[in-house]
Amino acid sequence: MPEPTLNDAPVFSLEAISFPFGKQVAVSCDALEIHAGECVAFTGTNGSGKTTLLKLMNGLLGPFEGTLLFCGAPLSRARALRRRSVFLHQQPVLFTGTVRDNLAFALKLRGMAADTVAARVLATARDLGIEALLKRSARGLSTGETQRVALGRALALGADVLLLDEPTAAMDAASQTALREILFGLKTEGKTLVVSTHDERLVTKLADRRVVFSPERNAAEVSKAGVEQ
Amino acid sequence: MTALREAMALLLGGDADIWWTIGATLRFSLSATFFSALLGVPSGALLFLSRFRGRRIAVAFMNACMAIPTVVIGLFVYSLISRSGPLGSLNLLYNPGGVILGQSLLAFPLITAMAYTGLQKLDPRYHETLLTLGASRRRRMSAILREGRLVVLQALLIGFGRIIGEVGVAMMLGGNIHRQTRTMTTAIALDAGKGEFERALALGLVVLSLALIINLLSQLVVRDA
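Residues numbered from 1 in each chain as written. Chains lettered and ligands numbered in written order. Predicted model: local features only at pLDDT ≥ 70, side-chain atom pairs only at ≥ 80, totals over all residues. Heavy atoms only, no water.

1. Here's the deal with the sheet that holds strand E5 (residues 73-74) of chain A
All names here are of chain A. For clarity, the cut-off: Strands are labelled as partners when DSSP assigns at least two bridges between them. Under the DSSP-based scheme used, a helix requires at least four consecutive residues in state H or I and a strand at least two consecutive residues in state E, with every element numbered from the N terminus. Whether two residues touch is decided by their heavy atoms; if any such pair falls within 4.5 Å, the residues are in contact. Throughout, an axis means a line fitted to C-alpha atoms (over the contacting stretch in the case of helices), and angles, computed between N-to-C directions, take values from 0 to 180 degrees.
On the basis of which strands lie adjacent, the open sheet formed by 4 strands has the order E2-E1-E4-E5 and antiparallel pairing. Of all strands in the sheet, those bounded by a partner on one side alone are strand E2 (24-34) and E5. Sheet topology note: the strand E1 (residues 12-21)/strand E4 (residues 65-70) ladder contains 5 bridges and is antiparallel. Within E4, the position partnered with Glu 15 by the bridge is Thr 67. In the packing of helix H1 (residues 50-57) onto the sheet, the strands contacted are E1, E2 and E4, and the crossing angle to E1 comes to about 120°.

Next up, the structure:
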């Protein structure tokens, strides 16, 4: 079940967001609310600001104009942001070491005991079907395997809000199908998913709502007219 | 050709003074590289990881410091460690400690700037991943330095190369004292002045070989990075 939010506030609440890049607006968003357990798909052409907005929502970019709340608290003061929310790159990077090291990495950051880390790593690897990869070097994996390990790294932490940037891009059909199933499973578990994607099958299978990004002004049209239910 | 032959004979014949000077130079240079790395590598990483007002000025300052003539650094440290200076009681002047201190200061901005520049070439997704996973600044620094270990190694090699080839600091702070503070470069200056060209050439060949080795290693590191 998703973690309850402050006063049942939306997980994300965006209002009049505008993020400049030089003299241009890289992305803007009039209003958007995402509630716990929802899956929202960001769609639109390349360069329309989908990734930028995902990164803004994870505090990886800034400063920006407007209001962006995470569970009712301004992003800069939202302590739960780093505990609950993880952004995954289109092509995630794994750190030097084995797959096990990578899954354990973030858990060690939280100061967890070695036996807890080992148990969580194993459980996550089983859930994602990457148990056989645990001893392999993280550098020699396929795109699909890398994506699953990066997802595992986030899930092992207990993150329940996942911001995924084109998770099925550059994958073969079988890997895409496998990842869609994993993400569907996460949605069923009640995780909140915000997915930037060109993969219509993923949108159809997963998304409760779609936010369309317009290509003209490199801006997000997330006013009511821009959201196609 | 005769001078070159005699220089090689001095080296291969195991001339005690020459080999002592080579050993001392390596000792001083490695120590100075170590101390400047202790401060310079974390400083470079901090500049890379931090976003603070004046960061660009700090980077520009470090870059500018790389161009300071060695004798100016020598003069600055001299004023600190001379008898009447604030560190005069440490008795570092004309001792190996003084040379190492001066050379550490010489390499510090270079290692800082090279580490910073090298880390900037790292894939930005590493830093973003560390941030999104909630790593503290200290954890981010150690993880980034681990991922960027080859560019850090390159910065150290370049710093070592700068130190081993310098003459101003070693001359001003070491005083070129026989079997105490004499380095290859100060010995070359002395031997050439005395007309002992073969000895100077022998040491020059060693400095040149070391410079070539450092450059080759640096290029290998860059290729692998």
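This is not the end of the story, as more comes after the structure.
2. A short note on the confidence of the model for chain A
Formally: A residue's pLDDT is the confidence the predictor assigns to it, expressed on a 0 to 100 scale.
In the predicted model, chain A carries a mean pLDDT of 87, and the fraction of residues at 70 or more is 90%. Note that residues 221-229 of chain A has pLDDT below 50 and, in this model, 19 contacts with residues that lie over four places away or in other chains.

3. Some points on the pairing of strand E6 (residues 85-88) of chain A
Residues and elements named next belong to chain A. Applicable threshold: Partly exposed describes any residue whose relative accessible area lies between the buried limit of under 20% and the exposed limit of over 50%, with all areas from a 1.4 Å probe on protein chains only and scaled to the type maximum.
Burial along E6 is two-sided: Ser 85 and Phe 87 facing one way and Val 86 and Leu 88 facing the other are all buried. In the sheet, E6 pairs with strand E7 (residues 161-165) via 4 bridges, with the strands oriented parallel. Counterpart to Val 86 in the pairing with E7 is Leu 162.

4. Focus on the packing of aromatic side chains
Note the threshold: Centres within 6.5 Å make a pair out of two Phe, Tyr or Trp rings, where for Trp the six-membered ring is used; the pair is then stacked when the planes are under 30 degrees apart, edge-to-face when over 60, and tilted otherwise. Counting as a charge over the ring demands two things of the Lys NZ or Arg CZ atom: a distance within 6 Å of the ring centre and an angle within 35 degrees of the ring normal.
For the coordinates displayed, the defined rule picks out 5 aromatic pairs over all chains. On the numbers, 5.0 Å between centres and 45° between planes, the contact of Phe 42 of chain A with Phe 213 of chain A is tilted. Of this pair, Phe 42 of chain A sits in strand E3 (residues 39-44) while Phe 213 of chain A sits in strand E9 (residues 209-214), and the two are 171 residues apart along the sequence. Looking at Phe 42 of chain A, the relative accessible area reads 0%, which means it is buried. An aromatic cluster is defined as three or more aromatic residues linked by ring pairs; in this entry it consists of Phe 95 and Phe 105 of chain A together with Tyr 126 of chain B. Above the plane of the ring of Phe 184 of chain A lies Lys 205 of chain A, whose end atom (NZ or CZ) is 4.6 Å from the centre. Directly above the ring of Trp 20 of chain B sits Arg 27 of chain B, whose terminal nitrogen or CZ lies 5.8 Å from the centroid.

5. Quick notes on the packing of helix H4 (residues 70-81) of chain B against helix H5 (residues 96-120) of chain B
All names here are of chain B. Selection criterion: Convention used here: angles under 35 degrees read as roughly parallel, angles over 145 as roughly antiparallel, angles from 65 to 115 as roughly perpendicular, and any remaining angle as oblique. For a crossing to be left-handed, the near helix must be turned anticlockwise from the far one by less than a right angle; the clockwise case is right-handed. Residues are grouped as follows: Ala, Val, Leu, Ile, Met, Phe, Trp, Tyr, Cys and Pro are nonpolar; Asp, Glu, Lys and Arg are charged; all remaining types, including Gly, are polar.
Running from N to C, H4 and H5 point in directions that differ by 130°, and their axes come no closer than 10 Å. Regarding the angle of H4 to H5, the classification is oblique. Of the two possible hands of crossing, H4 and H5 adopt the one that is right-handed. Here H4 contributes Thr 70, Ile 73, Phe 76, Val 77 and Ile 81 to the contact with H5, which in turn contributes Gly 98, Leu 101, Gly 102, Leu 105 and Leu 106. Partitioned by chemical class, the residues of the contact of H4 with H5 number 7 nonpolar, 3 polar and no charged.

6. A look at the interface of chain B and chain A
Our working definition: Buried area is understood as the total, over both parts, of accessible area removed when two parts are fitted together, assessed with a 1.4 Å probe. Take a side-chain nitrogen of Lys or Arg and a carboxyl oxygen of Asp or Glu: if they are within 4 Å of each other, that pair is a salt bridge.
Residue-level contacts link 16 residues of chain B with 22 residues of chain A. Buried area between chain B and chain A, summed over both chains or domains, comes out near 1700 Å², and the portion from carbon and sulfur atoms is 58%. For the chain B face of the interface with chain A, the top three residues by lost area are Arg 125, Thr 132 and Leu 133 of chain B, together amounting to 38%. Summed over the shared surface of chain B and chain A, the number is 2 salt bridges. When the shortest N-O distance is used, the salt bridge between Glu 128 of chain B and Lys 55 of chain A registers 3.0 Å. For the side of chain B that touches chain A, the elements supplying multiple residues, two or more each, are helix H6 (124-132) and helix H7 (137-147) of chain B.

7. Some words on unusual backbone geometry
The linkage connecting Gly 62 of chain A with the following residue, Pro 63 of chain A, adopts the cis geometry, with an omega of -5°. With respect to the secondary-structure elements, Pro 63 of chain A resides in the loop between H1 and E4. Residue Asn 91 of chain B is not a glycine yet carries a positive backbone phi of 55°. Take Asn 91 of chain B: it is sitting in the loop between H4 and H5.

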